Amino acid sequence: MDNASSPAAPSFLGRVHDGSSKLLFVAAGLALAAAATLYVFEVTARYAFNAPTTWSGEVVGYALCLVIFLGLPEATRRGAHIAIDIVPSTLTGWKAAALLRTTDALAAAACLAAGLIAGREALNQLSRGLMTNAAHPIPRWWITAVIAAGLLSAALHFLRHALSRHPKGTAAQ
Amino acid sequence: MTWAVLLLVAIGLLLALLFSGVKVFVGFLVLNIVGLLVLIGPRGFGLFTNSLFETATSAPLLTVALFVLMGEILFRSGTVDILFDSVDRLVGNLRGRLYVVVITLSTVFGALSGSAVAVAATLGRSVQPLMRSRGYDDKLSAGTILAGASLAPIIPPSLLAIIVGSLADVSIAGLLVAGLIPGLLFATLTLIYVFARASQKPAERPVETEGEAAPKGSAVMALLRMVPFLVVIASVMGLIVAGIATPSESAATGVLGALVVAALFGRLKFSMVREAFAAAVTTTVVILIIVCSAKLFSQLLSFAGATRGLVSLAGALDLGPDVTFLILMVIPFLLCMFIDQIAFMLLAIPIYQPIVQEMGYDPVWFWTLFLINLTVGSLTPPFGYTLFALKGAQEDITTGTVFAAAWPVVGVFIAGMVALWAAPILVTALPNALR
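Computed from a predicted model, the values in this text were never measured in an experiment.

**Looking at the packing of helix α4 (residues 62-76) of chain B against helix α14 (residues 270-294) of chain B**
Residues and elements named next belong to chain B.
Then, number 1: One way to put it is that α4 packs onto α14 with a least axis distance of 8 Å and a crossing angle of 145°. Every pair of crossing elements has a handedness; the one defined by α4 and α14 is right-handed. Of the residues in α14, those touching α4 at V64, A65, V68, L69, E72, I73 and R76 are M272, E275, A276, F277, A279, A280, T283, T284, I287 and L288.

Next comes the structure, spelled out in C-alpha cells:
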C-alpha cells in the first residue's frame, strides 16, 4: 500500500472533491463507531435485559456499507489500495509513468462503469419503490445510491491521479 | 466457448491485470463487468449491483472492521508495551530468553490482532534492535519474528478466517476457533526449532549480562498487569465459544474491552482513538472493497457452467482425496509467493468450493489448512507482505538476511501443516465442541 496523493496542488474543484472525500471518511468512521456501539448494546440488551432487538443486525449491515463506500473516495485519494507491484517496480522513467497513468485510467473507467451501473439501478429502485428484504425494510435505493456515489467519487480520484501523477507515484505490495 | 476456456481466459485476464499493477479490486471489477457482458449482456447489470449490495451489507464482514479496530486501539495506545514488559519478566533469565519472549508475545499479539503485517512491523521496530544489541543472531532473530508474526492470521481473531468463512459459506465462528490449536502448535514447533538450532551454535543463544536480564519485580505483579489483556482475549473468544455472541458481536465487545484496557493504563486519548478509527476505516475499505468487487465471480463461474464442470473434472481425474488435497495446497503455496493473499483467496475459493464438497473434506479442516497455507505464502520469498513488513520496520537488516531467515520458518510451518493433515482432530476438535 502506498500513501501517495495527487502531487500537484488541486484546483478549487479538486479541493472541493478532496474536502468532500475527507468529510465522507469522517462519516465512515462514525458509521463504524455506531456499528460497534450497536453490537455492544445488542449483546447487553439480549443477556442483561432479555430484550434482544430485531433491527440491530440490519442497521449494522447498512453501517458496514457506509464504512466501505463512504471511506472509498478518501482511501483512493490517499492511494491506499492494494496492488501487486512486481512488474511496475522494475520499470523506471517514462515507462513507469505511462504504466501508472494507464492503470489509473483503467481504474477510473472501471469505477465509473460500476458507479453508473449502480446509479442506474438506484434510480430503478427509486422508481419501483423497492424496499430492502428485511424485518424493518427501508428504501433499497438509499444504500445503492451510497454505493454509486462512493464508486463515482473514487473514479474521479483515479482520473485525477492519472492526469497528474509524476513518474514515482506509487508502490504497492 | 466451453467453461474450461472461459475459466482460463478469466484467470489469465485477472492475473495479467494484477501483474501489470492494476489495483486488486479494479482487476475484479473489470473481470466481472466484462464477464457479465460476455455471458449475460447489459441485462445482467442488476446482478452486479446486487452482489455489491449483498456483500457490502453482510453484517458478518463487519467482524473484519471491528477486529482491526480492536488491534489498532491496543497497538496505538502503547498498552502492548506493558504486555511486552510483563512477558519479558515472566519468561525469566533463560539463556536465549528473547526468542521465547518473541514467540510468547507473538502468540498473545496474535490473539489481539489478526494481521501478520502489524505484528511483524511492531516486533521489527521494538524487539529486533534489542536482540541485535544483546548479541542475538540476526537471521535467527528475524526468523523468530517472522514465525511469531505469522501466528496472527492463524490464532483467532483471524481476518483471513472471517473472509474465507463468508465466501466459502462455512461457520465463521468455527473457522476462528479452529485456528487456536494450530496456532499454539506452530508456536511450539518454532520454539523447538529455535532452541534446536541454537544448541548447535551456542553463539546464537547468548547469555545476557546483568543489565540485560529479565526486568526485576514481582512475577505476580507482571501477571496482574497482563490480566486486562487476558480478559479481552478471553471475552472475545469466550463469547464465541460459549455461543453467547456472534463473531461480530464479540469483536464489538473486544473493541470496548480494548478501550477499557487503554483507560486502565492511562493511555486513552481522543487523538489515539481518532487515529485508530481512521486506520481501521482505511484497512476495512482496502480489504472489503476487494471482497465486494470479487463476489460476483463465483456467480459467473456457476453461470458459465464452470462450477459443475470442475466437479465433473475432479471426479473424472479420480486422483483421490489425498492427491487432490496436495494439488489444492501446492497451488496457493506457489501463487501466494507472487500475488496478494486476499486476491488469490477471492479467485480460488469459488473454484475450490465445489471440489471441496465433492471430495468430502471437512470444510472447517480444509479451509483452516488453506488459510494457513496462504499465511505461509505470505512469508515465502521472494514476495510476501510479512517479509517486507519486517524489512520495512528494521532497515538495518538486509533483505537477504530476511529471506534467509524465512526459509527455515517456512519449513517449520509446512511440518506443522503435515501434522494437521495427518491429525485433523487438532483442527476440528474445538469447532466440533462448538456445535
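From this point on, the discussion continues.
**Quick notes on the interface of chain A and chain B**
Then, number 1: If you look at the interface, chain A gives 56 residues, while chain B gives 58 residues.
Then, number 2: Counting across the chain A and chain B interface gives two salt bridges.
Then, number 3: Linking E54 of chain B and R140 of chain A is a salt bridge whose minimum nitrogen-to-oxygen distance equals 3.4 Å.
Then, number 4: The tally of links from chain A across to chain B stands at eight residue pairs in polar contact (both at pLDDT 80 or more).
Then, number 5: Of all the secondary-structure elements, those providing two or more residues to the side of chain A that touches chain B are α1 (12-47), α2 (56-77), α3 (93-128) and α4 (140-164) of chain A.
Then, number 6: Among the elements that make up the side of chain A that touches chain B, the one with the highest residue count is α1 of chain A (13 residues).
Then, number 7: Its residues assigned to classes, the side of chain A that touches chain B comprises 40 nonpolar, 10 polar and six charged.

**As for the pattern of salt bridges**
Side chains bearing opposite charge may pair, as long as their charged atoms lie close to each other.
Then, number 1: Enumeration according to the criterion identifies 11 salt bridges over all chains in this entry.
Then, number 2: A salt bridge links E72 of chain B to R76 of chain B; the shortest N-O distance between them is 2.6 Å. In this pair, E72 of chain B and R76 of chain B are both assigned in helix α4, four residues apart and thus about one turn of the helix distant.
Then, number 3: Judged by its relative accessible area of 40%, R76 of chain B falls in the partly exposed class.
Then, number 4: When salt bridges that share partners are traced, they join E42 and R46 of chain A together with E249 of chain B into one network.

**Considering helix α18 (residues 341-359) of chain B**
Residue and element names in this part refer to chain B.
Then, number 1: The principal kink in α18, of about 40°, is found at I349, preceding the proline P350 by one to four residues.
Then, number 2: The element α18 is largely enclosed, with a buried count of 17 among its 19 residues.
Then, number 3: Positive phi shows up at G360, right after α18, with a value of about 75°.

**Re the confidence of the model for chain A**
Residue and element names in this part refer to chain A.
Then, number 1: Taken residue by residue, chain A gives an average pLDDT of 88. The fraction at 70 or more is 90%.
Then, number 2: Within chain A, α4 carries the highest mean pLDDT (96), whereas α1 carries the lowest (94).
Then, number 3: In this model, residues 167-173 is a region of pLDDT below 50 whose contacts with residues beyond four sequence positions or in other chains number 27 contacts.

**What about the side chain of R77 of chain A?**
Then, number 1: Along the polypeptide, R77 of chain A turns up in helix α2.
Then, number 2: A distance of 2.9 Å separates the side chain of R77 of chain A from the side chain of E74 of chain A, its partner in a polar contact.

**Some points on unusual backbone geometry**
All names here are of chain B.
Then, number 1: P157 follows P156 through a cis peptide bond whose omega is 5°.
Then, number 2: With a phi close to 60°, D169 is a non-glycine residue in the positive phi region.
Then, number 3: Along the chain, the position of D169 falls in the loop between α9 (159-168) and α10 (172-178).
Then, number 4: Overall, the relative accessible area of 70% leaves D169 in the exposed class.

**Comments concerning the nonpolar core**
Then, number 1: Ranked by size, the top nonpolar core spans 207 residues in total, and within it L32 and F69 of chain A together with F28, F366, W367 and F370 of chain B carry the most contacts.
Then, number 2: A per-element tally of this core places α14 of chain B first, with 15 residues.
Then, number 3: With near-sequence residues (within four places) excluded, L32 of chain A lies in contact with V67 of chain A together with L62, A65, L66, L69, F277, A280 and V281 of chain B.

So, how was this worked out
Residues numbered from 1 in each chain as written. Chains lettered and ligands numbered in written order. Predicted model: local features only at pLDDT ≥ 70, side-chain atom pairs only at ≥ 80, totals over all residues. Heavy atoms only, no water. Axes fitted to C-alpha atoms, helices over the stretch in contact; angles between N-to-C directions. Helix = DSSP H or I, 4+ residues; strand = E, 2+ residues; numbered from the N terminus. Left-handed = near helix turned anticlockwise from the far one by under 90°. Contact = heavy atoms within 4.5 Å. Salt bridge = Lys/Arg side-chain N within 4 Å of Asp/Glu carboxyl O. Polar contact = N/O pair within 3.5 Å; in protein donor to acceptor, adjacent residues only side chain to side chain. Nonpolar A, V, L, I, M, F, W, Y, C, P; charged D, E, K, R; others polar. Buried < 20%, exposed > 50% of the residue type's maximum accessible area, 1.4 Å probe, protein only. Bend = angle between axes of the 7 residues up to and from the residue. pLDDT = per-residue confidence, 0-100. Core = buried A, V, L, I, M, F, W, Y, C linked by side-chain atoms within 4.5 Å.

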